[in-house]
Amino acid sequence: MQANTHFKLGFIGGGNMATAMIIGLKHQQFDSQHIQVVELDADKRIQLTTSYQVNTTDQLSEIAQNDVIILAVKPQQLKALAQSLAPLLKQQLVISIAAGIRIADLSRWLGDYTMIVRAMPNTPAQIQAGVTGVYATPQVTALQQQQATRILDAVGATVWLNQEAELDAVTAISGSGPAYVFYLIEALQDAAIKLGLSEAQAKLLSIATFQGASQLAATSTTPVETLRAQVTSKGGTTEQGLLSLETSKVKDAIFLAAQQAEKRAKIMGDELGKS
């Protein structure tokens, strides 16, 4: 295995998430000549080569030359891909970013291969502002974990997990979470318009409020519940708004949403992993 800073990286699939990782790695000065993408779509290959100077091919057999292989295809395509990839594997690290596919099932499809990392990135990774939950099998070496961290850190924060089952909770929180945030922004925009503001004003105020509050929470050492209390003056406007949210049991609704998302993640794992 090559040094951590000079390993060769291969993507199978050149879609949005693979592209996001390539962009992030280029920002980190990762040598684009050490990146290869296996992609069947000729137009995508041309775009990736032209825009990011990476190597592209439509031949799966060429992926074997890489130290780390990222499976960046749709979950429904992973079984057939893994079965084709199995004869090409030796000591490479395989990273799967396919939602719902458990390591035991992927390992079986890969011919009982065990050097596997399973990662759950989220859509803000497309602007290098994501967060990724990650789990590695015991067979993955410390060096390979460092390589996985470098790749995934290129698109945001990385959270290593002690148990693979925790990825279902990660899916429910950070994987589905951006949709919850967009939903709340949408609700705040609708409220602003109903209160008499223009669509443009409503959009600017709502997005900027979420962005600013998130940045404050991220950069402050103060707990979020304290930050919330600091905005909530007794007898003031915010207090009245929060009382309405509490009466409507919004926290309970958000927990239920996460709980249902986690449940669905487990069911998807069962369904997608069937032989």
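Below or above, wherever it landed, is the structure these notes cover. (Residues numbered from 1 in each chain as written. Predicted model: local features only at pLDDT ≥ 70, side-chain atom pairs only at ≥ 80, totals over all residues. Heavy atoms only, no water.)

Here the focus is the pairing of strand S4 (residues 68–71). Two faces belong to every sheet, and in a regular strand the side chains alternate between them. Judged by which residues are buried, S4 turns out to be covered on both faces: Val68 and Ile70 on one side and Ile69 and Leu71 on the other are all buried. Examined bridge by bridge, strand S1 (residues 9–12) and S4 share four bridges and lie parallel to one another. Each bridged residue has a counterpart across the sheet, and for Phe11 the counterpart in S4 is Ile70. Across four bridges, S4 lies against strand S5 (residues 93–96) in parallel orientation. Looking at S5, one finds that Val68 is bridged to Leu93. Once you follow S4 into helix H3 (residues 75–85) and on to S5, the crossover reads as right-handed. (Buried < 20%, exposed > 50% of the residue type's maximum accessible area, 1.4 Å probe, protein only. Helix = DSSP H or I, 4+ residues; strand = E, 2+ residues; numbered from the N terminus. Pairing = 2+ DSSP bridges. Right-handed = clockwise from strand over helix to strand, strands pointing away.)

The strand order across the open sheet built from eight strands is S3-S2-S1-S4-S5-S6-S7-S8, with neighbouring strands paired in mixed fashion. A strand with exactly one partner marks an edge of an open sheet, and here the two such strands are strand S3 (55–57) and strand S8 (156–160). Within the sheet, the average angular offset between the axes of one strand and its neighbour, ignoring direction, is 25°. Against the sheet, helix H5 (residues 142–153) touches S1, S4, S5, strand S6 (116–120), strand S7 (130–136) and S8, its axis set at about 145° to S8. Seen against the sheet, helix H6 (residues 166–175) touches S6 and S7 and runs at an angle of roughly 30° to S6. (Axes fitted to C-alpha atoms, helices over the stretch in contact; angles between N-to-C directions. Contact = heavy atoms within 4.5 Å.)

All right, on to the pattern of salt bridges then. Tallied over the full model, the rule gives four salt bridges. For the salt bridge of Asp270 with Arg102, the shortest nitrogen-to-oxygen distance reads 2.6 Å. Of this pair, Asp270 sits in helix H11 (residues 250–272) while Arg102 sits in the loop between S5 and helix H4 (103–109), placing them 168 residues apart in sequence. What makes Asp270 partly exposed here is its relative accessible area of 45%. Between Arg264 and Glu271 there is a salt bridge; the shortest N-O distance is 3.7 Å. (Salt bridge = Lys/Arg side-chain N within 4 Å of Asp/Glu carboxyl O.)

The next subject is the nonpolar core. Counting residues in hydrophobic clusters, the biggest one holds 32 residues, and the most contacted among them are Leu9, Phe11, Met21, Ile22, Ile70, Ile95 and Ile151. No other element matches helix H1 (residues 16–27), which puts six residues into this core. Not counting residues within four places of it along the chain, the set of residues in contact with Phe11 comprises Ala18, Met21, Ile22, Ile35, Gln36, Val37, Val38, Ile63 and Ile70. (Core = buried A, V, L, I, M, F, W, Y, C linked by side-chain atoms within 4.5 Å.)

So, on to the pairing of strand S2 (residues 35–38). Of the two faces of S2, both are covered, the one formed by Ile35 and Val37 as well as the one formed by Gln36 and Val38. By the bridge criterion, four bridges tie S1 to S2 in an arrangement that is parallel. Its bridge partner being in S2, Phe11 is matched across the sheet by Val37. Tracing the backbone out of S1, into H1 and back to the parallel element S2 gives a crossover that is right-handed. Pairing between S2 and S3: three bridges, direction parallel. Bridging across to S3, Val38 finds its partner in Thr57. For the segment spanning S2, helix H2 (residues 42–52) and S3, crossover handedness is right-handed.

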